[in-house]
Amino acid sequence: KSTKRSPKENESKQLPIYQHKTKLIQAVRESSFLVVTGETGSGKTTQLPQYLHEAGFCKDGKIGITQPRRVAAITVAQRVAQEMQCTLGRDVGYQVRFDDCTSSDTMVKYMTDGCLLREILADPGLSQYSVVILDEVHERSLNTDILLGLIKKMFSNPAKATKGRSIPLKVVVMSATLETDKLSAFFSNCPVFSIPGRTFPVTCMFGSVVGPKDVESTGYVKEVVKVALDVHTSEMAGDILVFLTGQSEIERACDLLYEKAECIDYRYDVQDQTVEGLLILPLYGSMPTDQQRQIFQPPPPGIRKCVVATNIAATSLTINGIKYIVDSGFVKQLNHNSRVGMDILEVVPISKSEALQRAGRAGRTSAGKCFRIYTKEFWEKCMPEYTVPEIQRTSLTAVVLTLKCLGVHDVIRFPYLDCPEERFILEALKQLYQFDAIDRRGKVTQLGELMVEFPLHPGLTRALLKAASLDCQELLLPVAAMLSVENIFIRPGKPEKQKEADKKHKKLAAKTGGMNDFATLLSVFQSCKSSDRPSAWCKENWIHWRALKSAFSVETQLREILLRLQQKRDFPVEAFDGNRSELLRRCLCTGYFTNVARRSVGKVFCTMDGHGSMVHIHPSSSLFDQEAELNWVIFHDVLVTSRVYIRTVCPIRYEWVKDLLPKLHEVDVYELSSVARE
Ligand code: ADP
Ligand code: MG
């Protein structure tokens, strides 16, 4: 082994965690469960796995570390591979949905919590691991919460916990905030290891523009840009971190910043410190990783760095050198919307604890400042104290199916750290019954066992399995893949470019008759795939080449899962006696009959799931402005602004869903729940 010192080694010795290295290793040795807390940036995520690796914990299995966010899993793995001076994917690797960068050599594996959940399905005792570290537990993501419960349950059955392994599994739970008593209590009062860290005071200032009446407006981007530029022109040297909610917003803010920063006159130095320019860097989930790497590098001398990020920079990733925070006060969150009866990505005010966490990012290495664009009144009236855990605000359909497949039948009395409302569990059971994944007694069906293998929304999986049984998976695999990647249609900011892009997109839709958004996705996928120069084809048609490339890879992976299941299991086979041109839509109906709407008057549609919400077709759909010709439609998802919009739409015939629709009302959820409790 090489004795050469890593250039990062000195850096990592400066981290607060380093002084506690020996004691930490000892603490992990001494108990099955350990809770570790410490300020964000103290080195938990990047260092602890390396310490354990060094201390020989990999002798008996891998070290697995879960992250709620895929970007965090990837970026951190890259960093640790660099620190350990090995190639990513060898000793250190990562696995996220549809992207596996590990090998048989991998000893330290970063992954999303969803990935570990899938691994438990195949290997309930996690026999490949000697240590499992659940990281960022304070984020309270749905999958992490479920993992906590499953691991607790695993240990309550000693036979299960030791099955297939020579030594017992070690579990470490890491969290940035101080809910540690609760976590410790959850794991039979296990020890808590706190890493003391030094933080510096951060002065927080409220703004005067965004008040309680702006809670639903999106006008805050301009204000955020203005405040960031004010900081840049009047504050001493030090980098800026701006919090916004998502990719399109961040790109818009960066465009505005570029435009305006160019006009700044740098002849006057900022308070005697030379700041000559601004380096603007976006940071969001679906960004290419080579671009993300720049974020961590110090800016050139005299240049101020300004990172415009989503909430990912609040705790999952730490950027050194940040002295100023600009906080929009908003976050994008997946919430169950009871008005429309489904999960919707919404922009909502952050909680006060989240706001404090954001501000804290400015005080890691010296005193800092946090500029909030919202007023004190907004803070008092619109922001909740704490963020509600995801398990209490989103659909549980997929995780309930996973639990049932793991043999957890009583999904109501599962050991939840915080219980979801019972009606959410009942709603999940009802949906699973509607998709034929469980029977009337709440037991997983053969179909349900197939469905759980796909990392997709259960409805989409249902449609895909229908297609496979009719031997037309070629139609559904690309559609499922396209719906699993980020938006593939480019939306340029400049109006004249936008017109050009719209024209091209209309043309693409027209190729399939212009009345079916799912068919457009299929056609774009096929046209690009069969093109000689796919990236040029994308450029010409205003399609994101990167997104489409991931769709190609996702399609291959879904195809592999399907093939494996078809070889291994009794796979249903059906005959189709309808019109072949209807095949795609007929398959979609099997999974999307929960998303059916019927036109009532004018351009208004009414959903048929019992909620009877009034919805409109989104302007991005090729069916927009064709409403008069439509009667029944199905749709992929919903966007709520001042109106409720449905997106990715296609027309159907009533006969196709006639037999399915009664299922939406037939089942008595209390019957399912009494079974759930048996
Ligand atoms: P914690 O998990 O306690 O929040 P981390 O282990 O994530 O802390 O971070 C420790 C340090 O490593 C921070 O100073 C951070 O800036 C640095 N770091 C993490 N990832 C990278 C990266 N990809 N490039 C450069 N520095 C990084
Ligand atoms: Mg961390």
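In the block above lies the structure referred to throughout.
Residues numbered from 1 in each chain as written. Chains lettered and ligands numbered in written order. Predicted model: local features only at pLDDT ≥ 70, side-chain atom pairs only at ≥ 80, totals over all residues.

Caption draft 1: Here's a closer look at the overall build of the chain. Each helix and strand counted, the chain has 26 helices and 21 strands in total. Here the C-alpha radius of gyration of the chain, 26 Å, is about what a compact globule of 678 residues would show, namely 26 Å. When the backbone C-alpha atoms are referred to their principal axes, the chain occupies close to 75 × 65 × 55 Å. Taking all 678 residues of the chain together, the buried fraction comes to 44%. (Helix = DSSP H or I, 4+ residues; strand = E, 2+ residues; numbered from the N terminus. Rg over C-alpha atoms; globule rule 2.2 N^0.38 Å. Buried ≥ 20, exposed ≤ 12 C-beta atoms within 10 Å, placed from the backbone.)

Caption draft 2: Expanded view of the sheet that holds strand E17 (residues 596-599). Ordered in space as E17-E18-E19-E21-E20, the 5 strands form a closed barrel in which the pairing is mixed. Pairs of neighbouring strands in the sheet enclose a mean axial angle of 50°, with direction left out of account. Here E17 pairs with strand E20 (residues 632-640) via 3 bridges, running antiparallel. Looking across to E20, one finds that valine 596 is bridged to isoleucine 634. Strand contacts of helix H23 (residues 583-592): E20 and strand E21 (644-652), with the helix running at about 135° to E21, the strand carrying the most contacts. (Pairing = 2+ DSSP bridges. Axes fitted to C-alpha atoms, helices over the stretch in contact; angles between N-to-C directions. Contact = placed C-beta atoms within 7 Å.)

Caption draft 3: Quick look at the environment of proline 492. Here proline 492 is to be found in the loop between helix H18 (473-484) and helix H19 (495-510). Between the C-alpha atom of proline 492 and that of serine 248, which follows or precedes it by 244 residues, the distance is 9.9 Å.

Caption draft 4: Examining the site of ligand 1 more closely. Lys44, Thr45, Thr46, Arg79 and Phe296 are the nearest of the 17 residues found near ligand 1. For the shell around ligand 1, the secondary-structure elements that each account for two or more residues are helix H3 (44-54) and helix H4 (70-83). Of the residues belonging to the shell around ligand 1, the class tally is 3 nonpolar, 12 polar and 2 charged. (Near = placed C-beta within 6 Å. Nonpolar A, V, L, I, M, F, W, Y, C, P; charged D, E, K, R; others polar.)

Caption draft 5: Layout of unusual backbone geometry. Not every positive phi belongs to a glycine, and aspartate 471 is a case in point at roughly 60°. On the secondary structure map, aspartate 471 appears in the loop between helix H17 (458-469) and H18. Of note in the backbone geometry, threonine 648 takes a positive phi value of approximately 50° without being a glycine. Under the C-beta neighbour-count criterion, threonine 648 is labelled buried, with 23 such atoms within 10 Å.

Caption draft 6: Geometry of the sheet that holds strand E12 (residues 303-309). With parallel pairing, the 6 strands of this open sheet are ordered in space as E9-E16-E13-E10-E12-E11. At either margin of the open sheet sits one strand with a lone partner, and together these are strand E9 (202-205) and strand E11 (277-283). Averaged over all adjacent pairs, the angle separating strand axes in this sheet is 20°, with direction ignored. Judged from the 5 bridges that link them, strand E10 (residues 239-243) and strand E13 (residues 322-327) form a sheet pairing that is parallel.

Caption draft 7: Broad picture of the packing of helix H14 (residues 397-405) against helix H15 (residues 422-434). Running from amino to carboxyl end, H14 crosses H15 at an angle of 75°, the nearest separation of the two axes being 8 Å. Relative to H15, the element H14 lies roughly perpendicular. Here Thr397, Val400 and Leu401 of H14 lie close against H15, whose contacting residues are Ile425, Ala428, Leu429, Gln431 and Leu432. (Parallel < 35°, antiparallel > 145°, perpendicular 65-115°, else oblique.)

Caption draft 8: Summary view of the nonpolar core. Judged by nonpolar contacts, the single largest core of 178 residues is most densely connected at Val224, Ala228 and Val242. Apart from residues no more than four positions distant in its own chain, valine 242 is found in contact with Val224, Ala228, Ala253, Cys306, Val307, Val308, Ala309 and Val326. (Core = buried A, V, L, I, M, F, W, Y, C linked by C-beta atoms within 7 Å.)

Caption draft 9: How the structure looks around the pairing of strand E2 (residues 62-67). Judged by how many residues are buried, E2 sits mostly within the fold: 6 of 6 residues are covered. Burial along E2 is two-sided: Lys62, Gly64 and Thr66 facing one way and Ile63, Ile65 and Gln67 facing the other are all buried. Here E2 runs beside strand E6 (residues 129-134); their pairing, made up of 5 bridges, is parallel. Counted as the bridge partner of lysine 62 is tyrosine 129 from E6. With 5 bridges connecting them, E2 and strand E5 (residues 108-112) associate as parallel partners. Considered in E5, the bridge of isoleucine 63 is made with valine 108.

Caption draft 10: Summary view of the packing of H18 against helix H20 (residues 517-529). The N-to-C vectors of H18 and H20 enclose an angle of 95°; their axes lie 9 Å apart at closest approach. What the angle tells us is that H18 and H20 run roughly perpendicular. Listed contacts from H20 to Leu475, Pro478, Val479 and Met482 of H18 are Phe518, Leu521, Leu522, Phe525 and Gln526. Counted by class, the contact of H18 with H20 contains 8 nonpolar, 1 polar and no charged residues.

Caption draft 11: Representation of the environment of glutamate 421 within the structure. Note on placement: glutamate 421 falls in the loop between H14 and H15. With 29 residues separating them in the primary sequence, glutamate 421 and glutamine 392 have C-alpha atoms 6.5 Å apart.

Caption draft 12: Structural view of the pairing of strand E1 (residues 33-38). Of all 6 residues that make up E1, 6 are buried, and the element is covered over most of its length. Burial along E1 is two-sided: Phe33, Val35 and Thr37 facing one way and Leu34, Val36 and Gly38 facing the other are all buried.

Caption draft 13: Representation of H20. Its 13 residues give H20 an end-to-end C-alpha distance of 18 Å, which sits within 8% of 18 Å, the value for a rise of 1.5 Å per residue. Within H20, the full set of buried residues consists of Asp517, Phe518, Ala519, Thr520, Leu521, Leu522, Val524, Phe525 and Cys528. Residues of H20 that are buried in the fold lie against H18, H19, helix H21 (534-541), helix H22 (545-568), H23 and E21. (Expected span 1.5 Å × (residues − 1).)

Caption draft 14: Representation of the environment of cysteine 538 within the structure. Secondary-structure assignment places cysteine 538 in helix H21. With 22 C-beta atoms counted inside 10 Å, the residue cysteine 538 sits in the buried group. Counting along the chain gives 117 residues from cysteine 538 to glutamate 421, while the straight-line C-alpha distance between them is 45 Å. In contact with cysteine 538, other than residues within four places in its own chain, are Cys528, Ile543, His544, Trp545 and Leu548.

No statement about biological role is implied by the geometric values presented.
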